[in-house]
Amino acid sequence: MTLSNKERLARFYDRFTGSDRVLIVIDADPDAIASALAVKRILWRRVAQIGLSHINTIARTDNRAMVRLLNIRMTPISKIEADAYNRFVIVDGQPHHNESFSRFEYTAIIDHHPDESQAPFKDIRPDYGATSTMLTEYLRAAKIRPSARLATALFLGIKTDTNDFQRPSINADIQAFQYLFRYANAPLARKIEQADLQPEFLDCFKKAIDGHVKSRNRIYIHLGRIENPDICVIIADFFMRINTVTWSLVSGIYENRLVVIIRNDGLQRDAGRLANLRFGS
């Protein structure tokens, strides 16, 4: 039986009381962060306390920019006192996805990944491109107009998880995206997507510019030891902006592991297939 969004919302609300202390747990990325903020808004004034916690280290520059620029307060899971809460919610993930999630017994799970979990309330929709789409539907069913901050977060969550609708998505994702666009702060969203460069990245840029090797329309760069693997992605994308470049391959050593990022213009050969062929097991 397919439930309406109003029915899903009612069943979700039925799992909480005014005295509950709720912790929302995520593996932080734009979709998970935005979904957690939406759940917090939906439960606002319906429970006694709501906390947000992340199990991962937030290292990617765009994720850090999102947390900073949207002023999102979250607590690392290692600093959470489980006894301070009596209800636990997981969004954009499931308990079996990471050992750190298994610390709690969840009242509710809302996710767009395939289903393998059980909880008193469970909403799993793997055909959806983003959990942010699902939570946008919850907000609309609750007749809650998102603030600019929340709309911007959900807008980014959908953009990120659908890769600007280049990954599988459905009409519901498009409808949610169009709805959020009315309320989102578009300039702020662009700033978050572009992400502030960290000062330590400048040395890597200099190394890439001075030491890159060009062969026909391809650019090859090895950065040596790096402090953050994100720099390989940033530099690979940067060199693809040169109009004569059709491939960029950037590598670096991070924590004694080789990181290789491959980008191309998509007109010649599948970069993912090449990576699998050369580096896959």
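Anyway, here's the lowdown on the structure attached to this text. Keep in mind the model is a prediction, meaning the values are calculated, not measured.

## Considerations on the pairing of strand β9 (residues 247-254)
Most of β9 sits inside the fold, with 6 of its 8 residues counted as buried. As paired strands, strand β8 (residues 218-225) and β9 are joined by 6 bridges and run parallel to one another. Residue pairing in the sheet places H222 in a bridge with S251 of β9. In the classification by handedness, the crossover that spans β8, the intervening helix α9 (residues 230-240) and the parallel β9 is right-handed. Here β9 pairs with strand β10 (residues 257-264) via 8 bridges, running antiparallel. Bridged to S251 within β10 is V260. Hairpin connection between β9 and β10: a loop of 2 residues separates the two successive antiparallel strands, and E255 in this loop has a positive phi of roughly 50°.

## Details of the sheet that holds strand β6 (residues 121-124)
Ordered by their spatial adjacency, 6 strands build an open sheet running β3-β2-β1-β4-β5-β6, and the pairing between neighbours is parallel. Two strands bound the open sheet, and with one partner strand each, they are β3 (75-76) and β6. Here strand β1 (residues 21-26) runs beside strand β4 (residues 87-91); their pairing, made up of 4 bridges, is parallel. Within β4, the residue paired with L23 across the bridge is F88. Relative to β1, helix α2 (residues 30-43) is tilted by about 165°, and along the sheet it contacts β1, β2 (49-54) and β4.

## Section: the nonpolar core
One finds F12, I24, I42, L43 and M74 to be the most contacted residues of the largest nonpolar core, which totals 55 residues. It is α2 that contributes the most residues to this core, 9 residues altogether. Not counting the four nearest positions on each side in its chain, F12 is found in contact with V39, I42, L43, A108, I110, F121 and Y138. Within the second largest apolar cluster, 19 residues are counted, among which are A208, I231, A236 and I261.

## Some thoughts on the pattern of salt bridges
The final tally for this structure, using the stated rule, is 10 salt bridges. R125 serves as the salt-bridge partner of E137, at 2.9 Å between the closest nitrogen and oxygen. Taken together, the residues span a long stretch of sequence, with E137 in helix α4 (residues 131-141) and R125 in the loop between β6 and α4 at a distance of 12 residues. An identical accessibility class is assigned to E137 and R125; each is buried. Note that K159 is salt-bridged to E193, the shortest N-O span being 3.3 Å. Of the two residues, K159 sits in helix α5 (residues 148-161) while E193 sits in helix α7 (residues 186-194), which places them 34 residues apart along the sequence.

So, how was this worked out
- Residues numbered from 1 in each chain as written.
- Predicted model: local features only at pLDDT ≥ 70, side-chain atom pairs only at ≥ 80, totals over all residues.
- Heavy atoms only, no water.
- Buried < 20%, exposed > 50% of the residue type's maximum accessible area, 1.4 Å probe, protein only.
- Helix = DSSP H or I, 4+ residues; strand = E, 2+ residues; numbered from the N terminus.
- Pairing = 2+ DSSP bridges.
- Right-handed = clockwise from strand over helix to strand, strands pointing away.
- Contact = heavy atoms within 4.5 Å.
- Axes fitted to C-alpha atoms, helices over the stretch in contact; angles between N-to-C directions.
- Core = buried A, V, L, I, M, F, W, Y, C linked by side-chain atoms within 4.5 Å.
- Salt bridge = Lys/Arg side-chain N within 4 Å of Asp/Glu carboxyl O.

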